[in-house]
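Chains, contacts and geometry: an overview
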Amino acid sequence: MEDVFAQRPKKTGQGYIEREGERIFYESTGEGEAIVFGHGLGGSHAIFFQQVPELARSYRIITFDQRGFGNSSNRNEMHSPHAAAEDMKAILDHLGVEKAHLVGQSMGGWCMLDFGMNYPDRTLSIVFSNSLAGIYQEDIKHFYDIPAPRPPVTSLPLGKHFGLADTFYERKPEIAFLYLQIGTMCPKPPANMRNLIRETFFTVDQVNELNKKVPMLFITGSEDITFPPQQIEKLHQLITASKFKVFQGTAHSPYYELPEEYNEVIKQFCQ
């Protein structure tokens, strides 16, 4: 009888590393070149459930929780994009991964760029997924203004979320609801995380220099109201050797809203 499990990706690790008094959670699935996914402000490693099974057929997929998110502790409140990048390095060291492709969703883009800047020889490529990533220049300073507080998601109609296109619930109501449910399993983000993100930046010249060695792709959604596509396209234009992809009909989470198309873009770029 054929083994129905034989063709499924293998989970090669799940656990914690200890660093600076914190326990940082990670998962590793599959074999081959590594791709690391970094979550956004409202997420955790679990939000990439539509990427891991598919991409782990060809790659080793590593996800982790930043300090104070998901399963990771934040006792000492020393969280920041730089701390996340150094935690990620410690995870890669622990797993024996020398180099990796990096995919940073929103807040995760800051972490990935910080890692790339400090460890370019360990960075195969970077995907900035709906993320400004801390790429700073005076004429885009206004991109980093902290938006006015939004009403709580619980006050919105079922299935509506600022990270999803308004039409997504009509197309996939169960998956839209799951997006909200995953969010409820995370503690509230550290209160000063938005400020720390805003204060973490690299110049366009620095990023262009890194881009000479490390391929970069900017991804956005046509309906994103968090970082509108015009802002992301502006960054693509400033980072002259980068690539650019717009997912039509999606908002801040094309990886969640169009997972099949998104996964294919990631595979093609990493190749």
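Now for a look at the structure at hand.

**Structural notes on the packing of aromatic side chains**
Counted under the stated rule, the structure contains twelve aromatic pairs. Ring centres of phenylalanine 37 and phenylalanine 48 lie 5.0 Å apart, and the angle between their planes is 45°; on these two criteria the pair is classed as tilted. Of this pair, phenylalanine 37 sits in strand E3 (residues 34–38) while phenylalanine 48 sits in the loop between E3 and helix H1 (52–55), and the two are eleven residues apart along the sequence. Assessed through its relative accessible area of 0%, phenylalanine 37 is described here as buried. For the pair phenylalanine 48 and tyrosine 255, a centre-to-centre distance of 5.4 Å together with 50° between the ring planes defines the contact as tilted. On the criterion of sequence distance, the pair formed by phenylalanine 48 in the loop between E3 and H1 and tyrosine 255 in helix H9 (residues 254–257) is long-range, its members being 207 residues apart. What makes tyrosine 255 buried here is its relative accessible area of 4%. An aromatic cluster is defined as three or more aromatic residues linked by ring pairs; in this entry it consists of Phe37, Phe48, Phe49, Phe168, Tyr179, Phe247, Tyr255, Tyr256 and Tyr262. Lying across the ring of tyrosine 16, arginine 23 places its NZ or CZ 3.9 Å from the centre. Between lysine 245 and the ring centre of phenylalanine 247, over which it is positioned, the NZ or CZ distance is 5.3 Å.

**Focus: the pattern of salt bridges**
Here the structure, examined in full by the defined rule, presents twelve salt bridges. Across the pair glutamate 54 and arginine 57 runs a salt bridge whose closest N-O atoms are separated by 3.3 Å. Looking at arginine 57, the relative accessible area reads 58%, which means it is exposed. Taking the shortest distance from any N to any O, the salt bridge between aspartate 87 and arginine 67 comes out at 2.8 Å. Within this pair, whereas aspartate 87 is found in helix H2 (residues 81–95), its partner arginine 67 is found in the loop between strand E4 (60–64) and H2, the two being separated by 20 residues in sequence. Under the relative-accessibility criterion, arginine 67 is labelled buried at 3%. Residues joined by salt bridges that share partners form a network here, namely Arg19, Glu20, Arg67 and Asp87.

Rules and cut-offs
- Per chain, residue numbering runs from 1 following the sequence as it is written.
- Confidence filtering applies because this is a predicted model: local features only for residues at pLDDT of at least 70, side-chain atom pairs given and counted only at 80 or more, and all residues used for totals across whole chains, interfaces and linings.
- The side-chain figures draw on all heavy atoms in the structure; neither hydrogens nor water molecules are used.
- Any two of the Phe, Tyr and Trp rings considered here, Trp counted by its six-membered ring, make a pair once their centres fall within 6.5 Å; the pair's planes then place it as stacked at under 30 degrees, edge-to-face at over 60, or tilted in between.
- Numbering of helices and strands runs from the N terminus, with a helix taken as a DSSP run of H or I at least four residues long and a strand as a DSSP run of E at least two residues long.
- Summary of the burial criterion: residues with accessible area below 20% of their type's maximum are buried, those above 50% are exposed, and those between are partly exposed, where the area comes from a 1.4 Å probe applied to protein chains only.
- Think of it as a cone above the ring: NZ of Lys or CZ of Arg counts as a charge over the ring if it is within 6 Å of the ring centre and within 35 degrees of the ring normal.
- Salt-bridge detection follows one rule: a side-chain nitrogen of Lys or Arg within 4 Å of a carboxyl oxygen of Asp or Glu.

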